[in-house]
Amino acid sequence: MGNSLKAILAFLPSNKCQKYLLEDLEEMPVDKMVDLSGRQMRRLPVHICSFRELVKLYLSDNNLNHLPPELEQLQNLQILALDFNNFKALPLVVCTLKQLWILYLGNNKLCSLPLELRLLQNLKTLWIESNCLQYLPEVVCELSLLKTLHAGSNALRTLPPQLQCLQELRTIWLSGNLLSEFPPVLLDMPFLEVIDVDRNSIQFFPSLAHLPGLKLVIYDHNPCRNAPKVAKGVRRVGRWSEETPEPRKRSGAVIEITLDEKPLLPPAAKTEPE
């Protein structure tokens, strides 16, 4: 089906037109996954909500700005992709899907997140990059199993102290924000493995050598006067990253620390937790 025809049919609310967009998707697929990305849809066909055993639903790259209340029927859903749409607010029906592991909300127009998000206590990965967030909603700090948080390309200037309550958090991506200093709360999160503060306005970095779980710190494209000090074996990406992070003197000799590991770069595509 051509994209121009899809765009025309997306405006028409009739069931016949909406089913045509689904391309004869009458029954739930055997793999319990439905991918309706890039269909130029302006509303989700309610027929999809009858697939009650559905586990993965991809609605990326459409023109959605709301979701039907019938979505609540998908109580087995683990992955929901709503990125690259026109959501100005997260539909509350999403917060009823309590089995969600991964929620993609990037590249929308979100300025906040509802308090009801706290109901998603099984959430492990949250993508909220490229939205209109001027602050990290504190409700994110109530997602106790969260392991990965992508909040880059917003307008964040700081992070809430409550973030340290997320003791399962291992990876945080904050590139492309408005941070003028390294977020102090991250210094109290020894379990973090990856910290990305690329493309901010940080002028000085405190020592990160006390973070025992840290494996990678990305701090490039900041007007910093120094590189963050890190412990042995931690990979740095940024200015002066090739210099020895923490040289130790022993009997007058300097023992250089070598870094043999390749950096864990930000994922280019969506990934699922193991």
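Predicted model only: the values in this text are computed from it and were never measured. (Residues numbered from 1 in each chain as written. Predicted model: local features only at pLDDT ≥ 70, side-chain atom pairs only at ≥ 80, totals over all residues. Heavy atoms only, no water.)

> Honestly, the overall build of the chain in this entry has me stumped. Any pointers?
A count of helical and extended segments in the chain gives two helices and twelve strands. The linear arrangement of helices and strands in the chain, starting from the amino end, is α-α-β-β-β-β-β-β-β-β-β-β-β-β. The 274 residues of the chain split such that 46% are buried. A separation threshold of at least 6 residues defines the contact pool for the chain, and within that pool the share at least 24 residues apart is 27%. When the accessible surface of the chain is summed, it comes to about 13,700 Å², and 51% of that surface belongs to carbon and sulfur atoms. (Helix = DSSP H or I, 4+ residues; strand = E, 2+ residues; numbered from the N terminus. Buried < 20%, exposed > 50% of the residue type's maximum accessible area, 1.4 Å probe, protein only. Contact = heavy atoms within 4.5 Å. Areas by Shrake-Rupley, 256 points an atom, 1.4 Å probe, with all protein chains shown as cover.)

> Just to check I follow, could you spell out the sheet that holds strand β8 (residues 194–196) for this structure?
Hydrogen bonds between backbone atoms are what pair the strands of a sheet, whose relative direction is either parallel or antiparallel. Pairing in this open sheet of ten strands is parallel, and the strands run β1-β2-β3-β4-β5-β6-β7-β8-β9-β10 from one edge to the other. Edge strands, defined here as strands with exactly one partner in the open sheet, are β1 (33–35) and β10 (235–237). Pairwise comparison of adjacent strand axes, ignoring direction, gives a mean angle of 5° for this sheet. In this sheet, strand β5 (residues 125–127) lies alongside strand β4 (residues 102–104) in parallel orientation, the contact comprising three bridges. Bridge pairing in β5 links L103 to L126. (Pairing = 2+ DSSP bridges. Axes fitted to C-alpha atoms, helices over the stretch in contact; angles between N-to-C directions.)

> I'm lost on the environment of E193 in this one. Help?
Here E193 shows up in the loop between β7 (171–173) and β8. Separated by 24 residues in sequence, E193 and L169 have C-alpha atoms that sit 8.5 Å apart. If sequence neighbours within four positions are ignored, E193 has contacts with R170, G213, L214, K215 and L216.

> How do you make sense of unusual backbone geometry when you look at a structure like this?
One can expect most non-glycine residues to show negative phi and most peptide bonds to be in trans. The phi angle at D61 is positive, at roughly 55°, despite the residue not being glycine. By secondary structure assignment, the location of D61 is in the loop between β2 (56–58) and β3 (79–81). The backbone phi angle of H221 is positive, close to 60°, even though this residue is not glycine. Residue position: H221 is located in the loop between β9 (216–218) and β10. Residue classification places H221 among the partly exposed positions, given a relative accessible area of 44%.

Any functional reading would require information beyond the geometric quantities listed.
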